[in-house]
Amino acid sequence: MPIEVSTRVRRVKPSPTLAVTARAAKLKAEGNDIIGLGAGEPDFDTPLHIQEAGIAAIRSGATRYTNVDGTPELKDAIIAKFQRDNGLRYSRAQILVSAGAKHTIFNLMMALLNPGDEVVIPAPYWVSYPDMALLADATPVFINAGAGQGYKITPAQLEAAITPRTRLFILNSPSNPTGAAYTRAELVALGAVLARHPRVVIGTDDMYEHIWWGPEPFCSLVTACPDLYDRTVTINGVSKSYAMTGWRIGYCGGPAELITAMSTVQGQSTSNPTSISQKAATVALNGDQGCVATMNAAFKERHDYIVGALNSLQGVSCRPGFGTFYAFADVAGAMAILGLADDNAFAEKLITDALVAVVPGSGFGAPAHMRLSFACSMATLEKAVERIRKVTG
Ligand code: GLU
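Note that the structure is a prediction, hence the values are computed from the model and not measured.

Honestly, the packing of aromatic side chains in this entry has me stumped. Any pointers?
Aromatic rings in a pair are described by how distant their centres are and how their planes are angled relative to each other. Taken as a whole, this structure holds 15 aromatic pairs when the rule is applied. Here the aromatic rings of Phe 44 and Phe 299 are separated by 5.6 Å at their centres, their planes lie at 75°, and the arrangement is edge-to-face. Of this pair, Phe 44 sits in the loop between β1 (35–36) and α3 (48–59) while Phe 299 sits in helix α12 (residues 290–311), and the two are 255 residues apart along the sequence. Note on Phe 44: relative accessible area 27%, which makes it partly exposed. Ring geometry for Trp 212 and Phe 218: centres 5.8 Å apart, planes at 85°, overall edge-to-face. According to the relative accessible area criterion, Phe 218 is buried, its value standing at 14%.

What am I meant to see in the pairing of strand β4 (residues 139–144) here?
Relative to β4, strand β3 (residues 118–123) is paired through 6 bridges, and the arrangement is parallel. Bridge pairing links Ala 123 to Asn 144 in β4. In this view, the connection linking β3 to its parallel neighbour β4 by way of helix α6 (residues 128–135) has right-handed handedness.

I tried to follow the side chain of Ser 98 on my own but got confused; where do I start?
Relative to the assigned elements, Ser 98 resides in strand β2 (residues 95–98). Here the side chain of Ser 98 touches Gln 266 through a polar contact of 2.7 Å, side chain to side chain. Leaving out residues up to four positions away in the same chain, Ser 98 has contacts with His 103, Thr 104, Asn 107, Arg 248, Ile 249, Gly 250, Gln 266 and Pro 273.

Hey, could you run me through the pattern of salt bridges in this one?
Any two side chains of opposite charge can pair, given that their charged atoms come close. Considering all chains together, one arrives at 20 salt bridges under this definition. Lys 300 is the salt-bridge partner of Asp 304, the closest N and O atoms lying 2.6 Å from each other. Linking Asp 304 with Lys 300, this pair stays in helix α12, spanning 4 residues, or about one helical turn. Take Lys 300: its relative accessible area is 31%, and that puts it in the partly exposed class. One network of salt bridges, with partners in common, ties together Lys 81, Arg 84, Asp 85 and Glu 209.

Calculation rules
- Residues numbered from 1 in each chain as written.
- Predicted model: local features only at pLDDT ≥ 70, side-chain atom pairs only at ≥ 80, totals over all residues.
- Heavy atoms only, no water.
- Phe/Tyr/Trp six-rings, centres within 6.5 Å; stacked < 30°, edge-to-face > 60°.
- Helix = DSSP H or I, 4+ residues; strand = E, 2+ residues; numbered from the N terminus.
- Buried < 20%, exposed > 50% of the residue type's maximum accessible area, 1.4 Å probe, protein only.
- Pairing = 2+ DSSP bridges.
- Right-handed = clockwise from strand over helix to strand, strands pointing away.
- Polar contact = N/O pair within 3.5 Å; in protein donor to acceptor, adjacent residues only side chain to side chain.
- Contact = heavy atoms within 4.5 Å.
- Salt bridge = Lys/Arg side-chain N within 4 Å of Asp/Glu carboxyl O.

Here it is in structure tokens:
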């Protein structure tokens, strides 16, 4: 007899970004010459001094449980980072270290949400926000921000989306998948709306803070709106900035009571994030930041190339972003030319006919789009574009 799984898990789907990545890896292992532009993962190795810190951690016996919420030394490095980069002050009790920022966001939703609560999510969104809300028995509410408004929500849209049931608002800037980012002035305007709704907790996903080429410096929501400090969880991690995706270290700063509740969720599920990774992350945050700038320069060069190249394809248009390593292209025209029903069929055609794996836009709440990760070499990107051109013309 088939095992009936929980109603909770039946509400959600597997992560589309991870599904595309797994499919590309499988096809590659079977001998196909696939170019995987699916997963958002830097192609760089973790910088050497951080690798060495991990090795030294193993050798020195840092292989046991740590505090559930993170080691004091890593918390201090995170406190220094928030102060240095964002002008934000936190105490150790306000910091939680988790197994990646994805885990941080999951802990936040589990610790905060009740059945019937609403989570306001700007679309296009990162694929896991809505499903995490559903796992936490809450209801995702989307604000659609299309290319015409630079993929950014307006204060009026935010005001209209908030109801008495709204418990959480998620902001991701620069955005995965679009690369769009809010200016300080735009954050202040969104903050003015949030100031009128004191029950709403805010989660800002700043994961791509250091992959940035916007016209003004990166600004986190609470940096722009200090009055929201008491109800904002500022989320970040080392995965993207330091090419440490596999090490799984994310972190956040926020109100102590909420951080304690999130830590309880973590203590009853995964316990501490990996001891060795915490040692390496401490060195990443405290050490020389030159590696971050070097990788950022490479991402910017690839961004400029891929946005231009995508716009040269028939029926494809792509707005430049302010950061991240994703290009999010509108492929409605190409779909029409090729007679394809939706972006899933378009992505399927690319993987089958061009051997290029991309993530369909519907997974991000934006049908008729595709997301390409440009966290790969220029040569790979050029090859991918030529292959796609053979399909789209
Ligand atoms: N955040 C990355 C992405 O969007 C990694 C995969 C995931 O966890 O979604 O591709």
